[in-house]
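Listed here are the chains, written in short residue letters.
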Amino acid sequence: MDIFSAVRMVLERECPELELRTEEPMARHTTFRVGGPARLMAFPRDKKEIKAAVRAADEMGVIPFFLGNGSNLLVADEGVEAFVIKTGGLDQTREVNRRLRAECGIPLSRLAVAALGRGLTGLEFAHGIPGSLGGAVVMNAGAYGGEMVQVLTAVTYLDKHGQEHTVPASECGLTYRHSMFTDHPEWLVLEAEMELEQGDAEEIRAKMEDLAQRRKSKQPLEYPSAGSTFKRPEGHFAAALIEQCGLKGLTVGGAQVSEKHAGFVINRGGATCADILKLTEQIKETVLRETGVTLELEVRTLGCG
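Residues numbered from 1 in each chain as written. Predicted model: local features only at pLDDT ≥ 70, side-chain atom pairs only at ≥ 80, totals over all residues. Heavy atoms only, no water.

- Going by what an unreviewed UniProt entry lists, the chain is known as UDP-N-acetylenolpyruvoylglucosamine reductase and is assigned to Pseudoflavonifractor capillosus ATCC 29799.
- As recorded by UniProt, the Subcellular location (unreviewed entry) comment attached to the chain reads in full: "Cytoplasm". (UniProt positions renumbered as here; feature names shortened; annotations may be inferred.)

## Describing the packing of aromatic side chains
No. 1: Following the criterion strictly, the structure yields three aromatic pairs and no others.
No. 2: Relative to Trp 187, the ring of Phe 181 has its centre 6.4 Å away and its plane inclined at 70°; by these criteria the two rings are edge-to-face. Of the two residues, Phe 181 and Trp 187, both sit in the buried class.
No. 3: Every member of this aromatic cluster is reached through a ring pair, and the members are Tyr 157, Phe 181 and Trp 187.
No. 4: Over the aromatic face of Phe 43 sits the side chain of Arg 21, whose NZ or CZ is 4.1 Å from the ring centroid. (Phe/Tyr/Trp six-rings, centres within 6.5 Å; stacked < 30°, edge-to-face > 60°. Buried < 20%, exposed > 50% of the residue type's maximum accessible area, 1.4 Å probe, protein only. Lys NZ or Arg CZ within 6 Å of the ring centre and 35° of its normal.)

## Quick look at the UniProt feature "active site" (unreviewed entry) in the chain
No. 1: Summarizing the sequence annotation, UniProt attributes the feature "active site" (unreviewed entry) to Arg 177, Ser 228 and Glu 298 in the numbering used throughout. For the residues just named, distributed over 122 residues, the greatest C-alpha separation is only 11.7 Å, placing them together at one site.
No. 2: In this fold, Arg 177 is placed in the loop between β12 (164–168) and β13 (188–195).
No. 3: Looking at Arg 177, the relative accessible area reads 12%, which means it is buried.
No. 4: Leave out the neighbours within four places in its chain, and Arg 177 touches Met 139, Asn 140, Ala 141, Gly 142, Glu 147, Lys 231 and Glu 298.
No. 5: In this fold, Ser 228 is placed in strand β15 (residues 225–228). (Helix = DSSP H or I, 4+ residues; strand = E, 2+ residues; numbered from the N terminus. Contact = heavy atoms within 4.5 Å.)

## Points about the UniProt feature "domain: FAD-binding PCMH-type" (unreviewed entry) in the chain
No. 1: Per the UniProt annotation, the sites labelled "domain: FAD-binding PCMH-type" (unreviewed entry) are residues 33–199.
No. 2: Between the first and last C-alpha atoms of residues 33–199 the distance is 37 Å; the span itself is 18% helix and 34% strand.

## Points about helix α3 (residues 108–117)
No. 1: Within the sequence span of α3, burial applies to Leu 108, Leu 111, Ala 112, Ala 114, Ala 115 and Leu 116.
No. 2: Positive phi appears at Gly 119, one or two residues downstream of α3, with a value of about 70°.

## Focus on the side chain of Glu 298
No. 1: Here Glu 298 shows up in the loop between α7 (273–291) and β19 (300–302).
No. 2: Residue classification places Glu 298 among the buried positions, given a relative accessible area of 14%.
No. 3: Filtering out sequence-adjacent residues up to four positions away, Glu 298 remains in contact with Asn 72, Met 139, Tyr 176, Arg 177, Ser 228, Thr 229, Phe 230 and Lys 231.

## Some thoughts on the environment of Pro 25
No. 1: Topologically, Pro 25 is positioned in strand β1 (residues 19–25).
No. 2: Relative accessible area serves as the criterion here: at 26%, Pro 25 is assigned to the partly exposed category.
No. 3: With 67 residues separating them along the chain, Pro 25 and Gln 92 place their C-alpha atoms 26 Å apart.
No. 4: Apart from the residues lying within four places of it in its own chain, the contact partners of Pro 25 are Gly 35, Gly 36 and Pro 37.

## Section: the pattern of salt bridges
Between side chains of opposite charge, a pair can form when the charged atoms approach closely.
No. 1: Evaluated as defined, the whole model comprises 26 salt bridges.
No. 2: The partner of Glu 296 in a salt bridge is Lys 231, with the nearest N and O atoms 3.1 Å apart. Here Glu 296 is found in the loop between α7 and β19, whereas its partner Lys 231 is found in the loop between β15 and α6 (238–244), with 65 residues between them in sequence.
No. 3: Relative accessible area serves as the criterion here: at 46%, Glu 296 is assigned to the partly exposed category.
No. 4: Within this structure, Arg 94, Arg 99, Arg 101, Glu 191, Glu 193 and Glu 195 form a network of salt bridges that share partners. (Salt bridge = Lys/Arg side-chain N within 4 Å of Asp/Glu carboxyl O.)

## As for the sheet that holds β12
No. 1: With respect to topology, five strands assemble into an open sheet ordered β6-β7-β13-β11-β12, the strand pairing being antiparallel. Where the open sheet ends on each side, the last strands, each with one partner, are β6 (93–96) and β12. On average, each strand axis in the sheet is inclined to that of its neighbour by 20°, with strand direction left out of account.
No. 2: In terms of strand pairing, β6 meets strand β7 (residues 99–103) through four bridges, oriented antiparallel. Paired with Val 96 across the two strands is Arg 99, which belongs to β7.
No. 3: Sheet strands touched by helix α2 (residues 47–59): β11 (152–158), β12 and β13. Its angle to β13, the strand with the most contacts, is close to 140°.
No. 4: Sheet strands in contact with α3 are β6, β7 and β13, and its direction is about 150° off that of β7. (Pairing = 2+ DSSP bridges. Axes fitted to C-alpha atoms, helices over the stretch in contact; angles between N-to-C directions.)

See below:
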């Protein structure tokens, strides 16, 4: 019996209600629409199930891969020998004294709408970010001048043994696209607490609609992608450097540098992980040669060597 069969056996015994799938295509679970099968995937719907999944992995000596919306992820074409835990079933929110608490799997778009519904302002920037709350905390996600660090007050996480801890946001090491959770991929952001301000619902809605229109006009939302492909180099903007090097429209297989926004690598149709990686390497090499600036992938990779 291999290790993934052993994890499955433990979970079927300890948590029989937990949905498990073997050889699940990861292309179904990433916004790039790319990626081969994962050996084992779990789809917990509440704290009990996700803790059972983490503890079973720990018992068998497996470090699970935590998957939110798959909006910042590129998975190998041949698939991954991994136990993937998808957090989308944990998506509840509640409010206490203008502090909004939400579970890790809620999409940021729904979280922003939940804040709007309570007349709370501060999350408008998150409405168009395609990720989930857990991933947003891990990467300190941001857009249009807003970042998670500006609203977060506390984070609850599971360690690799499935034990729950709550820490103030000030102890999470939140910097540009980084946090202490980036350094500890074996920890799972379970919940986050955000302090927001009371606002006018119509003004909040208008700001969200304005940002949505700006995204639609500037970003290639009609194609699968993982959003901004590269991190912002200090003192520069990745998209501007890529455009300056004449790389808009550069294509490898089904992958292309968007002609609408040079910061996006898109799946024009039938792109493979290999296509995307080859294209990003060409971009990095050209930008370094012509500008002296080293680009770093913002997109996470899984099983890509």
